[in-house]
Amino acid sequence: MAESLSTRAKLTWVAILYFAEGFPFGLLFDAFPVYFRTHGVSLTDIGLISLAGLPWTLKFLWAPAVDLWGKRRSWIVACQGLLAGDIGLFLLLEPAQSSGALWALLIALAVFSATQDIAIDAYTIELLDESEMGPANGVRVGTYRVALICAGGVFVALAGLIGWRAAFATAAVLLAGSALLSSRAPETSREQPMQESWTEVLERGIIGPLQGFWQRPGVVYVMLFVLTFKLGDMALGPMVRPFWVDRHFTPLQIGAIPGTIGVVSTITGALLGGRLTKTWGLFRALWVLGIAQAASNLAYAAAAALPPSQPLMYSASVIESFCGGLGTAPFLAFLMSACEKSQAATQYALLSALFGLTRSLSGAFSGLVTQNVGYATYFTATFFLAWPAFALLPWVKGWIGAAGEQQ
């Protein structure tokens, strides 16, 4: 049982589970765009991959099922096994055809992964004592980021060395091994939830917290701000790796630079952004770091407009990733500040879902627009997509908690 485990053992399980949580997400958003573009898939279709990520945005809708039925560990093992099978099936398909079966596998990957996320988050809460939450949060964030590096960097680089089919087989074996390992995770004890109808679950878990939002002044401005603050970043993201492919960089180079160094730059930017947010206060940080986040997209616009150059591409990747991390820190702090303490978990999940909607919808159109106007024009346009959020900042200032108002 979990009660008999040492803190070190618990943190080890947290690391294992959050690596498995981050890996499929990195595959879908970082590795698959490279895979498809190297096989001649159109930018329009690659942009539509963002829609396959909607299950991560909407997962709160079926989260109650994980609470009501079965054990957390059973959900985790089942989802990881299904993910391994799903990835293995990509070996049987020809990516250039963009068939219905291929899209079904992509959507299934997102559904299994999002459901796994629900179960792992709940399992972790039950596994840990309150005193262990702080160290565990550091471990979970760190290993999740390592998983993104492995999926978007190491996996892509590996495909450049041994081929895509062998790389997919390796990923499937990794997740199958994760399922076997997760089956040995300690059981957690929890009170069985009260039997509720779906209507009662929705009322308690979604409708009630939403009513708390709608009763506060300026809620429409806040929701528009959440949708638009990272709109430029989210619109740029799906086209970055296809751009690298079209600039004739190899999977090994793509895996090493945007897939690895880029993620490290994002983490570094987020850490610095967090420090600056504490020093400046949340309102000022949203302005200054948000502008840096938006302006960094112009580095890719310059790389697209100028003759191909390795130093220029590498610089664009580091600058955009670092500044994206800078902007993420105050934005996540704002999401937390905007939530009422009594309903913080649900309201934060709903705000995060709203933010995820930005990624899915903007990404869906990114390929179609880029295919028609070109990379340089599209990357420049993403810079201007960020500006509506700044027009909304004065209207949302009242939602920033006192902790964020330090000047």
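Look up: the structure comes first, before these words.
Residues numbered from 1 in each chain as written. Predicted model: local features only at pLDDT ≥ 70, side-chain atom pairs only at ≥ 80, totals over all residues. Heavy atoms only, no water.

K.L.:
Could you clarify how one ought to interpret the overall build of the protein chain in this entry?
P.N.:
Scanning the protein chain for helices and strands turns up 18 helices and 0 strands. Counting the 407 residues in the protein chain, one finds 50% classified as buried. Relative to all contacts within the protein chain whose residues are 6 or more apart in sequence, the contacts with residues 24 or more apart total 86%. Carbon together with sulfur atoms contributes 68% to the accessible area of the protein chain, which is approximately 17400 Å² in total. (Helix = DSSP H or I, 4+ residues; strand = E, 2+ residues; numbered from the N terminus. Buried < 20%, exposed > 50% of the residue type's maximum accessible area, 1.4 Å probe, protein only. Contact = heavy atoms within 4.5 Å. Areas by Shrake-Rupley, 256 points an atom, 1.4 Å probe, with all protein chains shown as cover.)

K.L.:
Please clarify how the nonpolar core should be interpreted in this entry.
P.N.:
For soluble globular proteins, the rule of thumb is that nonpolar side chains tend to be buried together. The biggest cluster of nonpolar side chains holds 60 residues, and the ones touching the most others in it are L28, F32, F36, L106, F155 and F379. The element best represented in this core is helix α1 (residues 7-38), accounting for 10 residues. Setting aside chain neighbours within four positions, we find L28 in contact with P33, I49, A52, G53, W56, L106, L109 and A110. In this structure, V222, F355, A389 and W399 belong to the second largest nonpolar core, which totals 26 residues. (Core = buried A, V, L, I, M, F, W, Y, C linked by side-chain atoms within 4.5 Å.)

K.L.:
Is there a simple way to explain the side chain of D86 in this structure?
P.N.:
Relative to the elements of secondary structure, D86 occurs in helix α5 (residues 72-89). One buried charge, D86, has no salt-bridge partner; the nearest side chain with opposite charge is R165, at 14 Å. Residues contacting D86, with those up to four places away along its chain left out, are L105, A108, L109 and F112. (Lys, Arg positive; Asp, Glu negative; His and termini not counted. Salt bridge = Lys/Arg side-chain N within 4 Å of Asp/Glu carboxyl O.)

K.L.:
Would you mind going over the packing of aromatic side chains with me for this structure?
P.N.:
Aromatic ring pairs are defined here through the distance separating the ring centres and the angle between the ring planes. As enumerated under the stated definition, the model contains 33 aromatic pairs in all. Centre to centre, the rings of W387 and F390 are 5.0 Å apart; their planes meet at 55 degrees, and the pair counts as tilted. Of this pair, W387 and F390 both sit in helix α18 (residues 387-396), 3 residues apart, which is roughly one turn of the helix. W387 gets classed as partly exposed once you look at its relative accessible area, which sits at 34%. (Phe/Tyr/Trp six-rings, centres within 6.5 Å; stacked < 30°, edge-to-face > 60°.)

K.L.:
Can you walk me through the packing of α1 against helix α11 (residues 231-246) in this structure?
P.N.:
Two packed helices can be described by the angle between their axes and the distance between those axes. Two elements in contact, α1 and α11, have axes whose closest approach is 8 Å; the angle formed by their N-to-C orientations is 35 degrees. The element α1 and its partner α11 pack so that their crossing is right-handed. Facing D30, P33, V34, R37 and T38 of α1, the residues of α11 in contact are R241, P242, V245 and D246. Across the contact of α1 with α11, the residue classes break down as 4 nonpolar, 1 polar and 4 charged. (Axes fitted to C-alpha atoms, helices over the stretch in contact; angles between N-to-C directions. Left-handed = near helix turned anticlockwise from the far one by under 90°. Nonpolar A, V, L, I, M, F, W, Y, C, P; charged D, E, K, R; others polar.)

K.L.:
Got a minute to help me understand the side chain of S296 in this structure?
P.N.:
Relative to the assigned elements, S296 resides in the loop between α13 (282-295) and α14 (297-305). Since its relative accessible area comes to 3%, S296 is described here as buried. In terms of polar contacts, S296 uses its side chain to reach the backbone carbonyl oxygen of Q293, at 2.7 Å. Each residue touching S296, except ones within four places of it in the same chain, is listed here: I319, E320 and C323. (Polar contact = N/O pair within 3.5 Å; in protein donor to acceptor, adjacent residues only side chain to side chain.)

K.L.:
Can you help me understand the pattern of salt bridges in this one?
P.N.:
Pairing between side chains of opposite charge can happen when their charged atoms approach one another. This model, assessed by the stated rule, comprises 4 salt bridges. Residue K59 pairs with D117 through a salt bridge whose shortest N-O separation is 3.8 Å. In this pair, K59 is assigned in the loop between α3 (54-58) and α4 (63-68) and D117 in helix α6 (residues 100-127), connecting sequence segments 58 residues apart. Taking relative accessible area as the criterion, D117 reaches 2% and is therefore assigned buried. The residue K230 makes a salt bridge to D233 at a minimum N-O spacing of 3.4 Å.

K.L.:
I'm lost on helix α17 (residues 375-385) in this one. Help?
P.N.:
Owing to its 3.6 residues per turn, the α-helix aligns residues three or four sequence positions apart on the same side. For α17, the set of buried residues is Y375, Y378, F379, T382 and F383. Down the axis of α17, the buried set is contained in an arc of 155 degrees. They therefore lie on one face. (Arc of directions from axis to C-beta.)

K.L.:
I keep staring at unusual backbone geometry and nothing clicks. Help me out?
P.N.:
Excluding glycine, most residues fall at negative phi; most peptide bonds, likewise, are trans. Phi angles above zero are rare outside glycine, and H248 is one such case at about 70 degrees. Tracing the backbone shows H248 in the loop between α11 and α12 (251-280).

K.L.:
Even after reading the chapter, I still don't get the environment of E21, so can you show me in this structure?
P.N.:
Of note, E21 is situated in helix α1. Counting along the chain gives 95 residues from E21 to Q116, while the straight-line C-alpha distance between them is 6.9 Å. If we ignore the near neighbours within four places in the chain, the residues touching E21 are S113, Q116, D117, I120, D121 and Y144.

Any link to function would need more than the numbers given here.
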